[in-house]
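What follows is the residue order along each chain.
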Amino acid sequence: MSAVKYGSIILVSFVIIAGIAIPLVPSPQNWLEFPVIPGLEEKARNIFFHVPTAWTTVLAFLVSMVYGFRYLRTRNPDYDQKSVISAGLGLMFCILATVTGALWAKFNWGSYWNWDPRQTSIFILLLIYGAYFSLRSAIELEEKKAALSAVYAIVAGLTVPFFIFIMPRMMTGLHPGAQGDSSGGGPLFQSGMMAGNMRVLFYVSLLGFNLLYVWLFTLRLRIARIEDRQLLSRHTEQ
Amino acid sequence: MLTLAQIMAVFLKDVRSELRTRYALNALLMFVVTTVAIILFALRGDQPGSTVLAGMFWVSVFFTAMSGLSRSFVSEEERGTTMTLQLIASSTTVYFGKLLFNAVLTLVLVAGVTVVYLIVFPAFEITGMGVFLLTVFLGSLGLASAATIIAAIIAKAGSRGTLYPVLSFPILIVPLMTVMGATVKSLEGVPFSDATVDFVVLISYFMVMTAGSVLLFDYVWKD
Amino acid sequence: MLEFMMENQMYIVLSIVLLVWAGIAVYLVRLDRKVSRLEETMKKES
């Protein structure tokens, strides 16, 4: 567990330093130089921070879905608790991804929002998280809350492959990998970023953010369990 | 226990109770007329282009659907007939019966919206009739399948007013975007082959939604 | 050092971001230790 904690701190710090300090050079010769990508230049550094948050929010949602599904099978409230915690973290990362994306869009494409398919999909995810928590707050009974929100998470999760993979490729858009874009990339293979060292740093960043997510998840789970135990002991005292 | 006759029985029961009160049909028709009237006031004689018309068309459909499609489950809760239905029919039968009802309702709704738009907006010319019909048909199915499972969820959640559109919209953005694009293509008279990708998306969306709903419906329906 | 920062402005950005991140990381580590202490106390009581 401490590997996760200190690993995430070390990795993210490393990515921050390397991502920002490594200079951009027209023809990079060694590992400590990044290529200049026309149209992006310095803004390319955003890749190390914006894309991993988007990845992490999708991961968090999938985790939430899986725990929801396990709750439905076993009716064990522990799974529901984990589902909510992951959804909460997912919401946070989703907001980060949307905001960082909009900021980057303003400087790269001219406006904060253009309804590019991939921008739309992070917006959809944001709405799904919002709807998930609205649903939960509308139900009083614990078991019903858990069951219905788990079903909603799964139903919403069924649309995820559509808006993450299919739509952005089939429709014209501004993100790399859209219809008519020759660089043929996508969220997984940022081929706009051919440079080996950039790609390595990107995956390191992905790992760092995911480890951070895991750490935050365990922290929230432990705090929730302590609160539950306190509630229980206060009940039994009376 | 899952037979077509049983599904038809659930479907016909809903149809009969709707025909008795005609609540849903009236409300939906009035809703369509109201939204189109408001749009007309806002436009003040301006004629919108095909992209805007296609968008408005499906906005009208979406909101009208949101006001009407939850009836199939909420009315059961309101009338207290949920438990009877649970005892009499299997979950899957109930689901398919309600799905069929919502699909038919959506098709009727969309037909109504089409008629109104044809009358009110001269720019709404359906050049590619085949594309339009298929788009409208597949779009209605997709909408109905997502709307049905969400209706089941909110009926059990106390169905407080705004919850239905809030839950449905994120899930429906995918088919809505697809269907709006396809409608634009049908208004502009684009060849059929250009729209096939939209149809594939709509069909797969419908299949995925229905399959998922069938598997999950039990957890919603039986509490 | 100040002239170095004025020359390569990117390092100003870097220092700020690192500072923010250091703040967050320290907060998380302290929170983690507090939770561990609470867990120990709860274990002792039971």
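Residues numbered from 1 in each chain as written. Chains lettered and ligands numbered in written order. Predicted model: local features only at pLDDT ≥ 70, side-chain atom pairs only at ≥ 80, totals over all residues.

Draft legend 1. Region of interest: the overall build of chain A. Of regular secondary structure, chain A possesses six helices and two strands. Moving toward the C terminus, one meets the helices and strands of chain A in the order α-β-β-α-α-α-α-α. Across the 238 residues that make up chain A, the buried fraction comes to 38%. Taking contacts inside chain A between residues at least 6 apart in sequence as the whole, the part at least 24 apart equals 65%. (Helix = DSSP H or I, 4+ residues; strand = E, 2+ residues; numbered from the N terminus. Buried ≥ 20, exposed ≤ 12 C-beta atoms within 10 Å, placed from the backbone. Contact = placed C-beta atoms within 7 Å.)

Draft legend 2. View of the overall build of chain C. Along its length, chain C carries two helices and zero strands. Looking at chain C as a whole, 0% of its 46 residues qualify as buried.

Draft legend 3. Region of interest: the interface of chain A and chain C. Contact residues are listed per partner, giving 13 residues for chain A and 14 residues for chain C. Taken together, the residues that form the side of chain A that touches chain C break down as nine nonpolar, one polar and three charged. (Nonpolar A, V, L, I, M, F, W, Y, C, P; charged D, E, K, R; others polar.)

Draft legend 4. Region of interest: the interface of chain A and chain B. Each side of the interface is counted separately: chain A has 24 residues, and chain B has 24 residues. Of all the secondary-structure elements, those providing two or more residues to the side of chain A that touches chain B are helix 4 (117–138) and helix 5 (142–170) of chain A. Per-element accounting of the side of chain A that touches chain B gives the leading share, 15 residues, to helix 5 of chain A. Residue classes in the side of chain A that touches chain B are distributed as 21 nonpolar, two polar and one charged.

Draft legend 5. Spatial organisation of unusual backbone geometry. Residues and elements named next belong to chain A. Residue Arg75 is not a glycine yet carries a positive backbone phi of 60°. Considering the arrangement of structural elements, one finds Arg75 in the loop between helix 2 (47–74) and helix 3 (77–109). Residue Arg75 is classed as partly exposed on the basis of its 13 C-beta neighbours within 10 Å.

Draft legend 6. The arrangement of the chains, seen in detail. Of all two pairs of chains sharing an interface, the pair with the highest contact count is chains A and B. Structurally, chain B and chain C remain out of contact, their C-alpha atoms never closer than 32 Å.

Draft legend 7. Structural detail: helix 1 (residues 2–21) of chain A. Under the 1.5 Å per step criterion, the end-to-end length of helix 1 of chain A is 28 Å for 20 residues, consistent within 8% with the ideal 28 Å. For helix 1 of chain A, the elements touching its buried residues are helix 2 and helix 6 (196–237) of chain A together with helix 2 (10–45) of chain C. (Expected span 1.5 Å × (residues − 1).)

Draft legend 8. Just the confidence of the model for chain C, in detail. In this model, chain C carries a mean pLDDT of 80, and residues with pLDDT of at least 70 account for 80%. Note on the complex model: pTM 0.88, ipTM 0.90. (pLDDT = per-residue confidence, 0-100.)

Draft legend 9. Structural detail: the packing of helix 1 of chain A against helix 6 of chain A. Residue and element names in this part refer to chain A. With their axes 8 Å apart at the nearest point, helix 1 and helix 6 run at an angle of 145° to one another. In this structure, the crossing between helix 1 and helix 6 has a hand that is left-handed. Only Leu201, Val204, Ser205, Leu207, Gly208, Leu211, Leu212, Val214 and Trp215 of helix 6 make contact with helix 1, whose side of the interface consists of Val4, Lys5, Gly7, Ser8, Leu11, Val12, Phe14, Val15, Ala18 and Gly19. Across the contact of helix 1 with helix 6, the residue classes tally to 13 nonpolar, five polar and one charged. (Axes fitted to C-alpha atoms, helices over the stretch in contact; angles between N-to-C directions. Left-handed = near helix turned anticlockwise from the far one by under 90°.)

Draft legend 10. Seen up close, the packing of helix 3 of chain A against helix 4 of chain A. Residue and element names in this part refer to chain A. The N-to-C vectors of helix 3 and helix 4 enclose an angle of 150°; their axes lie 10 Å apart at closest approach. By the angle class used here, helix 3 and helix 4 are roughly antiparallel. Relative to helix 4, the crossing made by helix 3 is left-handed. Residues Ala87, Gly90, Leu91, Cys94, Ala97, Thr98, Gly101 and Ala105 of helix 3 pack against Gln119, Ile122, Phe123, Leu125, Leu126, Tyr129 and Tyr132 of helix 4. Its residues placed into classes, the contact of helix 3 with helix 4 shows eleven nonpolar, four polar and no charged. (Parallel < 35°, antiparallel > 145°, perpendicular 65-115°, else oblique.)

Draft legend 11. Structural view of the environment of Leu19(B). Summarising the element assignment, Leu19(B) is placed in helix 1 (residues 4–21). Distance in space between the C-alpha atoms of Leu19(B) and Lys222(B) is 28 Å, their sequence separation being 203 residues.

Draft legend 12. Spotlight on the confidence of the model for chain A. Residues and elements named next belong to chain A. This prediction gives chain A a mean pLDDT of 83; 86% of its residues lie at or above 70. Within chain A, helix 2 carries the highest mean pLDDT (92), whereas strand 1 (residues 24–25) carries the lowest (73). Here residues 182–186 is a poorly scored stretch, pLDDT under 50, and it has eleven contacts once near neighbours within four places are set aside; other chains count.

Draft legend 13. Fine view of the nonpolar core. Of all hydrophobic cores here, the largest spans 129 residues; its most connected members are Val151(A), Tyr152(A), Ile150(B) and Ile153(B). With residues up to four places along the chain from it excluded, the contact list for Ile150(B) reads Tyr164(B), Leu167(B), Ser168(B) and Ile171(B). (Core = buried A, V, L, I, M, F, W, Y, C linked by C-beta atoms within 7 Å.)

Draft legend 14. Structural detail: the environment of Asp46(B). Secondary-structure assignment places Asp46(B) in the loop between helix 2 (23–43) and helix 3 (50–68). C-alpha separation for the pair Asp46(B) and Phe121(B), spaced 75 residues apart in sequence, amounts to 10.0 Å.

Draft legend 15. Examining the environment of Trp115(A) more closely. Tracing the chain through its elements places Trp115(A) in the loop between helix 3 and helix 4. Taking the C-alpha atoms as reference points, Trp115(A) and Ala87(A), separated by 28 residues in sequence, lie 25 Å from one another.

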